[in-house]
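Here's the letter readout for the chains.
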Amino acid sequence: HSPTIYMVTPTHTHPEQKANLVRLSHTLLHVKNIHWIVIEDSVSKTVLVSKFLQNSGVKNTHLAALTPHEIKMKYNDPTWLKPKGVLQRNAALRWIRENLNPNTDNGVVYFADDDNTYSLEIFQEMRNTKKATVWPVGLVGGLRYEKPIVKDGKVTGWFTYWKPNRPFPMDMAGFAVNVNLFFNNPDARFSNEVPRGFLESTILEQLNVKMEDLEPRAENCSKVLVWHTRTEKTKLKNEQLMIKRQGQGSDPNIEV
Ligand code: UDP
Ligand code: MN
């Protein structure tokens, strides 16, 4: 049967979390043979995400791994200050290594953040990945898209403005790797210590992926099938004003 897509999604508690997860799950309901590994940035699994996943209809594994206080983003920090999702993705890698059988479970790992927009085609494109597949990502890096440059079916460079000299100057949403790379490179993991923008490059280097291994997808990287969309922070200023005006704000028992 066709390889399973192991989709690794870190998620954290914030006002837009459930909306992001609902939207993403509705995409995944259209994808065959997908196993969604959702890792909460929290001490333990929350009721909100537990209930959501149980009712989502998507095959899933629910994990939790807290980002330590020193590394954690504050609500009003600029979004680029600290790496995000590092310990969560590592928890998923541990789960994969401990729970999949390298001899019988063939599949693909895709690191898919909870606020991006994924077309159904992108899952078809990554499904058959020998080592590492790559494709353009829309609305990222201060450009309409970033993408690998392809000549004669091979990746020869990158259309990326920001830090173009990184070994793999692309967003996390722009590649997938065969799950066996995680068994062949048992120490490969993400790190909070890498410079900004280097999560993608360092994991691919640790997985021993070389430029010439990259398998271009999405019609030789000419199509945008995934978008680095971001959810706007909702202004909740009237919550406080509501308490002043009529003694109580919104009901915390109503899940949003
Ligand atoms: N994330 C997390 N903990 C945090 C902030 C973010 O686990 O404190 C997750 C988030 O839910 C997302 C991923 O890490 O799946 C990347 O974060 P975000 O989408 O905010 O990054 P950006 O859009 O800035 O690349
Ligand atoms: Mn994001």
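The structure contained in this document is the topic of the report that follows. A quick note: this is a predicted structure, and the numbers were derived from the prediction, not measured.

## Concerning the overall build of the protein chain
- Scanning the protein chain from terminus to terminus reveals eight helices and twelve strands.
- Since a compact globule built from 256 residues should have a radius of gyration of about 18 Å, the 19 Å found for the protein chain is in line with a globular shape.
- In terms of overall dimensions, the protein chain has a C-alpha envelope of 65 × 40 × 35 Å along the principal axes.
- Scored against the burial criterion, the 256 residues of the protein chain give a buried share of 37%.

## A word on the site of ligand 1
- Residues in contact with ligand 1 amount to 16 residues; listed here are only the nearest, Pro-10, His-12, Asp-41, Gly-85 and Asp-113.
- Here the shell around ligand 1 takes three residues from strand 1 (residues 4–11), the largest share from any one element.

## A word on the sheet that holds strand 4 (residues 107–111)
- Spatial strand order, 3-2-1-4-10-6-11: seven strands in an open sheet with mixed pairing. Across the chains shown, the open sheet's two edge strands, defined by having one partner strand only, are strand 3 (60–64) and strand 11 (214–216). Strand-to-strand twist of the sheet, defined as the mean angle between neighbouring strand axes without regard to direction, takes the value 25°.
- By the bridge criterion, seven bridges tie strand 1 to strand 2 (residues 34–40) in an arrangement that is parallel. Residue pairing across strands places Tyr-6 opposite His-35, the latter belonging to strand 2.
- Contacts from helix 2 (residues 47–54) reach strand 1, strand 2 and strand 3 within the one sheet, and its direction differs from that of strand 3 by about 170°.

Parameters and conventions
- Along each chain, residue indices are assigned from 1 in the same order as the chain's sequence is written.
- Chains and ligands are labelled by the order in which they are written, letters from A for the one and numbers from 1 for the other.
- Reporting of local features is limited, given that this is a predicted model, to residues whose pLDDT is at least 70; pairs of side-chain atoms are given and counted only at 80 or more, and all residues count toward the totals for whole chains, interfaces and linings.
- Only DSSP runs of H or I reaching four residues or more are called helices, and only runs of E reaching two or more are called strands; each is numbered from the N terminus.
- Both definitions apply: the radius of gyration is a C-alpha atom measure, and the globule rule equals 2.2 Å times residues to the power 0.38.
- For every residue, the other C-beta atoms within 10 Å of its own C-beta are counted; 20 or more classify it as buried, 12 or fewer as exposed, and values in between as partly exposed. C-beta atoms are placed from the backbone.
- We count a residue as near a molecule or strand when its backbone-placed C-beta atom lies within 6 Å of that partner.
- Only when DSSP finds a minimum of two bridges between them are two strands counted as paired.
- Whenever a helix is involved, its axis is fitted only over the stretch in contact; in every case the axis is a line through C-alpha atoms, and angles between N-to-C directions fall within 0 to 180 degrees.
- Throughout, a pair of residues is in contact if the C-beta atoms placed from their backbones lie within 7 Å.

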